[in-house]
Structure formats: C-alpha cells, structure tokens
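Fold and geometry: a report
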Amino acid sequence: RPASIKGSLALQSPVKGAAAVNGASPAAAATAATRLVFDGNASDRQAALQLTVSDVPLDLATPYVAQFLTPQLRGQLNADMALRWSDLGLQLSVPSMTLDRVAMVHDGKAKQPDLPQVQRVAVSAATVDLARRTLAIERLEVTQPQLAVTRDADRRWMFESWLTSASVGNDRRLPGAGAAAQAAWTGRLAQLQVQGGIVSFDDRAQAKPVQLAATALQLDLRNIVLDGSQPMVTRLSARVAAGKSQPGTVDYRGSVQLEPLQTQGRLQVAQWPLHALEPYFGAGLNVEILRADAGFNGDVAFAATPRGPRLSLKGDTVLEDFRANSFAAGGGEAALAQELLNWKALGLRGVDLSLAPGQPLRLSVRETTLSDFFARVIVHETGRINLQDLVRGEAPSAPSAPAGGPLAGGVAVAATSSRSGAQSAPPGAVAGANALAPQIRIGPISLVQGRVYFSDRFVKPNYSANLSELTGKLSAFSSASAQDQAAMADLELRGRAEGTASLEIVGKLNPLVEPLALDIKGVVRDLELPPLSPYAIKYAGHGIERGKLSVDVAYQVLPNGQLTASNQVVLNQLAFGDKVDGAPNSLPVKLAVALLADRNGVIDINLPISGSLNDPQFRLGPVIVKVIVNLIGKALTAPFTLLASAFGSSSDELSQVAFAPGSDRLLPQARGTLDKVAQALTQRPALKMTVVGTANLEVEREAFKRLRLQALLQAEKRRAQVTAGQVPTASDTAPAESLPDPAQAAQASELLQQLFARSEITKPRDLAGKALALAPPDMEALLLANIPVDAQSMRDLALRRSVAVKDYLASRQLPVERLFLGAARLPEPDAAWTPRAELKLGTN
C-alpha cells in the first residue's frame, strides 16, 4: 500500500562568494535559506512526489561542472516539480522553473564581462520521460543574456580556455550520454524567447581585428524539435554597430530549419557596418574599404542541398556612405592615401537574385540610383583601367607596343591576348562555359551629382581631367549577345569638365557583353584653359593666360572588334604667357599657332582613327603623339590689351562684381551691374570680356564653412531620398544659398541631427562614455568647427565666382565666344577689399 511522504528541508550555509555574484549583501546572504518542500506517496511499485525548491545556489553544481569547465557557475534556482515513477520508468514534470542571475565566474569573483551571464532563464510546462528519452517544453524565456565572443591572435576561441583538460580529450560525450546503440533523445520546445541580449564579437586572428557589437537582441523561435528536422518560426531583431559609427538594425521574420539547413522569410537590414567585415574578404581586393553601410529589405530563401547551396533574394538594397582607397601592390601607409571610390548612397530597387546548383546565376535589377559619387579613373600605360583591377588576380600580360605610343583617348587594347585565348579554346569547353554564364538584366541607372577624376597615362604626354556635376542616366541593358543591337542601353550624361566647360556624353553601349559593344559621342564645350596652365608649363614651357577648348569625339566598336573613331579638337583664342624659366620643355608655341590657326584665331584639328581591337599591332603612330603635345602647348593668337577706360571714367564701379563672403551666387545688385555691362558689350561688338574671380581665406573662412555645411545638409537630404526609393529633384541639387536656423526650421533641424549622427567627428561624451545629447545650435557649431577650409578651397571659390559671372552674361544674349575666364587670384586683403570678381576688357 502507498505510504504518504511529506516534509521540508532548509539549508542556511550559502556557498562562498554568493553575495558578490547574486547581488545580495553579505548579511542577507548569510541568512538566505535554501528550502525544499515535498509532498506525495510511494510504494514498492510506484511513487508520486510534488517538489518545490527555492533559492538553491547553483554553486552546489560546482563539483560536477568542474569536471568540464574551469569557471564556476553562479546563480539561484527556483522550481516547482512533479516526479512520477512506475513500471513505465521515471517521468519529471516542471510547471515552472527559473534561474536568476546566472553567470560564469573565475575564482568566485563578481561577474566578469568576458564570461557569459544571464539575468533570468524561465522554463514553463516542461516534461521529461527518461524511459522514452523524450523532452517537451512549452516555453523557455532568456532575459538579458550577455556573451563576448572572442578569438585571439593564435586563433583560439574564448571557450577553449574554459574547458578542462579532461573535457578536451578524445571522448567528448556529454555527461549521461548513452552508448551509440541507445536511442537518441527526441523532443519539442514550443517557444524560445530571448529578450534584451548583448553579444560582442572580437576576432583578432586577422591582420586587422574584426569587432562588432549587437545590442537589443530579440529572438522568438517556435516549434523547435531536437533533431532540427522541422522548420522553426523565427523572429530576430538587433542593433549592430562597429566602432563609432551609428548602429544599424537587422530584423528577420520567417522560418529556419537546421537539418538540412534552410531558411525562408523577410529580412530588413539598415546601416549594417559591412566595412567591419573587410578583413575577411579584403585580401582578395586591391582597395581598402573605409566605410560601407549596407541595407536590404526583401525576401530571402536559402537551402543547403547535396548538389550545393540554393539562394534566392528579392527586394531592395542600398549601400550608403561608401568610401574606399586604393593602394599599391607593395602596401605601406603612403600607398593608402589615394581616394579611389566613394558615394553617399547607391540604391538598387527590385533586386532579384537566383543561384542554384547546375544553373547559371540570374540577376535582375529594376532600377538603380547613385547619388553624390566620386571615382578616380586611371588608364595605365598598358591600356588597362584601374577599376578593372579592384579584385586581385593574375596581372594581364601587356603586349609590346611599337614605337610611337598607344592609342590616344584611352581606348584599351591590352585585353587582346585574353580574347585570342578564348578563341583558341576547345569548342566544347567554350559551349559549357557559355551555358553557365551569368544571366544579368539591369534596369535604368540614374546618376546624381557625381565627380570623376580621370588620368590617362596611356597617351603621351599624360592627361588628367576633373569632371564634376555629373548627372544622367543609362537605360536598361542585359548580358544578351552583342549581335543584338536592341540590347544596347541608351547613355545620357551631362556635367562640367574642370569646373568651367559643359560636358555631354550620349550614345549606346552594353558593358556586360564580350567583345565590347558601344556607339557613343562626347562633346566638351568651352573648356577654359587657364586652370590647366601647370600642364602647359610642364610640356610647352609657357603658362596659359586665356583660351577655350572644345572637343567632339565619337567611338563605335562593332561586335567583330572593328573600331571607328573621330576626335575633333577646336582651340579658340588661345593665349600663352612668357617662357617660364626652369620649365622642362620649351616649345615654339608662336610658330605652332602661326601654322595651325586660321585668320580668326581658331585651331581646328580632326583626328580620324580606325582599325581592329583584335589586332595586337593596332597602335597609333608618333604623328598623333606629336599632335597631342602640340594641343597642350598651342600658341599665342594675339596680344591681350586691357581697355580699362572702355566704359568711361565714371564707370569704374562696373569693373567689379560683388559677392557675399564665402558665396559664388550672384547678388541682386550684382545682376544689375552685369545688366549694364551686357548692354555696353552689346553696343561694342569688338570687345571681349575676361572674368577673374578672387577670394581670400582670412576674410571668408567662417562664411565659407556655413555654406559648406548647408551643402552637406542637402547631400544628407538626397541620401535619405535615395534610401527611401526616391530620385532627388533639381531643387535638391541646387547650390546652397544660406544656412537656415535649425531652431526655427523643423526639416533643417532633422537633417542637422541626421548629419551629426552620421558624421565621424569626435562627439562630446559623459564620464561613462555615453554620447551627450546636444541642441541643434551646438551640433551646428561642432560640425562647423570640423569643416576644413584652405587656400585651395578659396581658389576653387574664386573660379566658381568667375563662372557665375560668365554664365550670367551669356544669359543676356552675349555670344559665349566673347566671354572668357582668367586665372583665379587670392589677393592679400586691405581695408577696402571685398569678395568680388574683376572684369577686364580686350579686343582679342
């Protein structure tokens, strides 16, 4: 007959160190009691017992845990349990159980940040059947877990130092594990919740440490089975940060199955610090990624199959605040200083990526927007473009060039050897490679506010150009055959060259096909030559005082590699200064002008080019090189004579155009002055106008900074628009007029806060290291203090002022052939000096 069992036990001798770990005072720890209350009945055939345990220190498990782990376990256990024993075996039911303030510690000390700790673990409605080897838990809740995942320079993970020598032997079975023939445990966990988790990651096994921190970690898993054979409903969110940058966010809702591994769901990522992972993939790149914040919003599906992984991505992605520097193959700090690529935002909408075993990669992008970008493009002596070598690989062998130099204009022909190799490959190999060639479709691409610094080392002498304000679009294109001309995309790009000339590129091309297919035309109008004076001094021995350059180029490459091109160069009213002593060269520029210029002072040269890119001997002869040198150093057309009294002795005020400090925008009173000048020039058709912009660092420093801050706020607004899937309008790219008061303009205040948060300047922090909350005026002041301004900034400002005056005069129906820019000046200010552009008159 069953006998009744009932009783309780109390233990009042806490384990050493419990007070420090569990947060109780030493006095409270000394009196805290561990209690065990039991009630039930038992016989020789069966037993049923209800147990309640409270305030059980986990230190009691130290002798058992010490067999495997060097750290001790701290915390408290409270539970309600029911034991049932019968012929069917032992069954354990746990209606509720909590583990509070659980931590791993060394030497009984307080919690250490390098060891895991959890504020609370709560188990609800758990059952264990030892005979059937089954486990069922209704709910498992983990509150505020903290884990530091680290790996040292010797590639040892942090947990390796926790394990005892006995636990790292050949037999790594957990305690209680049965023989291999014994049935495996089965079970189900209905719901697992992790709330407020913090995980730090520090991998020092790379040449450059990888450091990430995830906070506000929330995890909700449902329908978990021990063997991982069923999908788990999954919700995961966290904030992820690297260094001082603003934390990004990740949110995933879907399902995950562990065996075999597969997942499917909705993924939302914003400002993920991709640059922090650069040490893992940077060895394969010829660039150093300084910053790259990635974002994605869409559907993700992944499955590990016996033949290989299967991946599908559908959604929108963005890469913000991207900055990358190039460096030489030899490395070194000096080689890292050259800026290569950067942009504010690159948004790809409607991305559809599919990867499956035995199938070609398929990628389509509905539309792309690139905002506020910069690229340094270099055509090397071999004809290869530097951007082709972003990914490391075997250097292409450059064919030897005959005397006379390579093709002008930077048309690359160094890839001829690779084409020849492909043609000589076995037909079967080529057909197999083509069958798995990626299938790519790219929708329209919009470019907003771009800059490109172009250097052509392929031509002799070398040439460099600075392209700015680039805005345009490229229509849809794909990896279809180059024979299909309809697959070629329409290109339309406009901007400025060297800050003075208009630039327009139109035509058709397809960058994905092989061989190259393109049909484009480029036009540069009225490129002011004084900013290029350093090149003229180097190659011709004379600086340029005045002159304009216009260029019309056309390139057509047929699918068979046949190239047809023309380069028409027009120099108008080119004027050189005196010979510069010590210059490396001195060309007879006056004689050259006498031979090349017509009676109107115009030099017009047409350079037709033809041949086949498949011919390794296709090069332009020495005659073209000689012409290019002459184009850099063309001669003086006529003396430049100032006619200071052209407006009469009472019109001296018309020789200057006033500007606001730091600004290149025309003031209303300046427009009135220029209207009078335009009227005078209209009445005097023989006169020509030269505009010389001036600026001064001492007088205009603060005003320049404030207008620069407004430009950064406009760029921040465009970044937010691109991230939101919008294309910035013309008003969003207009030059900054003035800096609104953030305290009065709500939108400006919000943009100011976003710009401040994303900036990498040093921000004020309290004693705990937490960033202080600043008022908009304080953020504005700190941003202004970190805006650099130097003599080059003033030189560029002076140039923009002269461009503004010239453009306004041109809008008053004055022919642009009569308007010119002089070299910018930075005069020392006197008491009467004010920011201005100076007007000079001439007849030539």
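Every chain is numbered on its own, with residues counted from 1 as its sequence reads. Two thresholds apply to this predicted model, a pLDDT of at least 70 for residue-level local features and 80 or more for giving and counting side-chain atom pairs, whereas whole-chain, interface and lining totals are computed over all residues. Hydrogens and waters are ignored; side-chain quantities use all the structure's heavy atoms.

**Notes on the overall build of the protein chain**
Secondary structure counts use DSSP, requiring at least four H or I residues in a row for a helix and at least two E residues in a row for a strand, with both numbered from the N terminus. In terms of regular secondary structure, the protein chain is built from 14 helices and 30 strands. Split into buried and exposed, the 844 residues of the protein chain put 41% on the buried side. Contact definition: two residues touch when any of their heavy atoms are within 4.5 Å. Contacts in the protein chain between residues far apart in sequence, at least 24 positions, make up 66% of those at least 6 positions apart. Of the roughly 43700 Å² of accessible surface on the protein chain, 57% is carried by carbon and sulfur atoms. Remark: exposure states derive from per-residue accessible area (1.4 Å probe, protein chains only) relative to the maximum for the residue type, with buried under 20%, exposed over 50%, and partly exposed in between. Every accessible area reported is derived by Shrake-Rupley at a probe size of 1.4 Å, with residue values counting cover from the shown protein chains alone.

**Looking at helix α11 (residues 697-723)**
In this model α11 runs 36 Å from its N-terminal to its C-terminal C-alpha over 27 residues, within 8% of the 39 Å that 1.5 Å per residue would give. Take the seven residues that end at a residue and the seven that start at it, fit an axis to each, and the angle between those axes is the bend at that residue. When the local axis directions of α11 are compared, the greatest deviation, roughly 30 degrees, occurs at Ala703. Contacts described as polar in this section are N or O atom pairs within 3.5 Å, which, within protein, must combine one atom able to donate a hydrogen with one able to accept it, while residues neighboring in sequence count only if both atoms come from side chains. The backbone nitrogen of Glu698 has a side-chain oxygen 2.9 Å away, supplied by the residue at the start of α11, namely Asn696. Following α11 by one or two positions, Gly725 adopts a phi angle in the positive range, close to 90 degrees. Multiplying 1.5 Å by the residue count of a helix minus one yields the expected span of that helix.

**Re unusual backbone geometry**
Most peptide bonds are trans, and most residues other than glycine sit at a negative phi. The omega angle of the peptide bond from Glu259 to Pro260 is -5 degrees, so this bond is cis rather than trans. Note that Pro260 resides in the loop between β11 (248-258) and β12 (261-273).

**Some points on the packing of α11 against helix α14 (residues 791-811)**
To get an axis, a line is fitted to the C-alpha atoms, and for a helix only the part in contact is used. The angle between two axes follows their N-to-C directions and goes from 0 to 180 degrees. Across the interface, α11 lies against α14 with an axial gap of 11 Å and an inter-helix angle of 85 degrees. In terms of axis orientation, α11 runs roughly perpendicular to α14. For the pair α11 and α14, the contacting residues are Leu697, Glu700 and Phe704 in the first and Ala791, Ser793, Met794, Leu797, Arg800 and Arg801 in the second. Angle categories: roughly parallel below 35 degrees, roughly antiparallel above 145, roughly perpendicular from 65 to 115, and oblique for all the rest.

**Details of the nonpolar core**
If you look at the biggest cluster of nonpolar residues, it comprises 38 residues, and the most contacted ones within it are Leu319, Phe322, Trp343, Val452, Leu470, Val524 and Leu549. Looking at this core, the element that brings in the most residues is strand β16 (residues 362-379), giving 5 residues. As used here, the term nonpolar core means buried Ala, Val, Leu, Ile, Met, Phe, Trp, Tyr and Cys residues forming a set that is joined through side-chain atoms within 4.5 Å. Within the second largest apolar cluster, 25 residues are counted, among which are Leu58, Leu189, Tyr252 and Val256.

**A short note on the pairing of β16**
Strand residues, when the strand is regular, have side chains that alternate between the two faces of the sheet. For β16, the buried fraction is high: 13 of the 18 residues fall into the buried class. When DSSP locates at least two bridges between a pair of strands, those strands are taken to pair. Turn length for the strand β15 (residues 338-355)-β16 hairpin, with the two strands adjacent in sequence and antiparallel, is 6 residues, and the turn residue Gly358 shows positive phi of about 75 degrees. Of the strand pairs in this sheet, β16 and strand β17 (residues 439-442) are connected by 4 bridges, and their pairing is parallel. Bridge assignment links Leu363 to a residue of β17, and that residue is Ile440.

**As for helix α10 (residues 668-683)**
The terminal C-alpha atoms of α10, which comprises 16 residues, lie 23 Å apart, in line with the 22 Å expected from a rise of 1.5 Å per residue. Along α10, the positions that sit buried rather than exposed are Ala670, Thr673, Leu674, Val677, Ala678, Ala680 and Leu681. Along the axis of α10, the buried positions cluster into a sector of 160 degrees, meaning they face one direction only. Away from its buried face by more than 90 degrees, α10 exposes Pro668, Gln669, Lys676, Thr682 and Gln683. Throughout, the arc means that of the directions going from the helix axis to the C-beta atoms.

**Overview of the pairing of strand β8 (residues 186-203)**
As defined by bridge partners, strand β7 (residues 134-151) adjoins β8 across 14 bridges and the pair is classed as parallel. Considered in β8, the bridge of Ile137 is made with Leu189. One ladder, built from 12 bridges, connects β8 with strand β9 (residues 210-225); its direction is antiparallel. If you follow Phe201 over to β9, its bridge partner there is Leu212.

**Regarding the pattern of salt bridges**
The rule for a salt bridge is simple: a side-chain nitrogen of Lys or Arg has to be within 4 Å of a carboxyl oxygen of Asp or Glu. For the structure shown, the criterion picks out 35 salt bridges. The partner of Asp372 in a salt bridge is Arg718, and the shortest N-O contact between them spans 2.7 Å. Here Arg718 lies in helix α11 and Asp372 lies in strand β16, a separation of 346 residues in the sequence. In terms of burial, Asp372 and Arg718 fall into one category: buried. When the shortest N-O distance is used, the salt bridge between Glu780 and Arg706 registers 3.0 Å. Taken together, the positions of Glu780 in helix α13 (residues 776-785) and Arg706 in helix α11 put the pair 74 residues apart, joining distant regions of the chain. Given the relative accessible area of 10%, Glu780 is considered buried. Exposure remark for Arg706: the relative accessible area of 34% places this residue in the partly exposed category. Residues joined in a network through salt bridges with shared partners are Arg291, Asp293, Glu320, Asp321, Arg323, Lys344, Glu716, Arg719, Arg758 and Glu760.

**Things to note about the environment of Ala148**
Locating Ala148 in the fold gives a position in strand β7. Once the C-alpha coordinates of Ala148 and Asp114 are considered, the two residues, 34 residues apart in sequence, prove to be 5.6 Å apart.

**Section: the packing of α11 against α13**
Where α11 meets α13, the closest approach of the two axes is 9 Å, and the angle between their N-to-C directions is 110 degrees. Here α13 runs roughly perpendicular to α11, going by the angle between their axes. Seen along the crossing, α11 lies across α13 with a hand that is right-handed. Packed against α11, whose contacting residues are Lys705, Arg706 and Leu709, the element α13 presents Glu780, Leu783, Leu784 and Ala785 at the interface. Following the grouping adopted for this structure description, the nonpolar residues are Ala, Val, Leu, Ile, Met, Phe, Trp, Tyr, Cys and Pro, the charged ones are Asp, Glu, Lys and Arg, and the polar ones are all others, Gly among them. Partitioned by chemical class, the residues of the contact of α11 with α13 number 4 nonpolar, no polar and 3 charged. Helix crossings get a hand from a simple test, with the near helix turned counterclockwise from the far one by less than a right angle marking a left-handed crossing and a clockwise turn marking a right-handed one.

**Thoughts on the environment of Thr471**
Structurally, Thr471 can be placed in strand β19 (residues 463-474). Aside from chain neighbours lying at most four places away, what touches Thr471 is Leu447, Val448, Gln449, Glu492, Leu493 and Arg494. At 3.4 Å, the side chain of Thr471 and the backbone nitrogen of Gln449 are in polar contact.

**Quick look at the packing of aromatic side chains**
Here a Phe, Tyr or Trp ring, Trp counted by its six-membered ring, pairs with any other such ring whose centre lies within 6.5 Å, and the pair is stacked when the planes are under 30 degrees apart, edge-to-face when over 60, and tilted otherwise. Per the stated rule, a full pass over the model turns up 2 aromatic pairs. Between Trp157 and Phe201, the aromatic rings sit 6.4 Å apart at their centres with planes inclined by 45 degrees, giving tilted as the arrangement. Here Phe201 lies in strand β8 and Trp157 lies in the loop between β7 and β8, a separation of 44 residues in the sequence. A relative accessible area of 26% means that Trp157 is categorised as partly exposed. Considering the side-chain rings of Phe322 and Trp343, the 4.3 Å spacing of their centres and the 15 degrees angle between planes classify their relative orientation as stacked. Of this pair, Phe322 sits in strand β14 (residues 308-326) while Trp343 sits in strand β15, and the two are 21 residues apart along the sequence. Placement of a positive charge over a ring is assigned whenever Lys NZ or Arg CZ falls within 6 Å of the ring centre and within 35 degrees of the normal to the ring plane. We note Lys548 situated over the ring of Phe820; from NZ or CZ to the ring centre the distance is 4.6 Å. Over the ring of Phe756 we find Lys763; its NZ or CZ atom is 5.4 Å from the centre of that ring.

**Comments concerning a nonpolar patch on the surface**
Together, Trp85, Leu90, Leu130, Trp185 and Leu226 give the surface a local cluster of nonpolar side chains, amounting to about 450 Å² of exposed area. Along the chain, Leu226 falls in the loop between β9 and β10 (232-241). A residue counts toward a patch only above 30% relative accessible area and without a salt bridge, and it is joined to like-charged neighbours within 9 Å or, for Val, Leu, Ile, Met, Phe, Trp and Tyr, to nonpolar neighbours within 5 Å.

**Considerations on the side chain of Asp59**
Residue position: Asp59 is located in the loop between β3 (47-57) and α3 (62-65). Among the polar contacts listed, one links the side chain of Asp59 to the side chain of Arg74, at a separation of 2.8 Å.

**Focus: the confidence of the model for the protein chain**
The quantity called pLDDT is the predictor's confidence in a given residue, expressed from 0 to 100. Across the protein chain, the average pLDDT comes to 78, with 75% of residues at 70 or higher. Here helix α5 (residues 416-424) stands out as the element of the protein chain with the lowest mean pLDDT, 37, in contrast to β10, whose mean of 96 is the highest. Contacts for the low-pLDDT stretch residues 329-336, under 50 throughout, to residues beyond four places or in other chains number 7 contacts. The low-confidence segment residues 394-432 (pLDDT under 50) makes 58 contacts with residues lying over four places distant or belonging to another chain.

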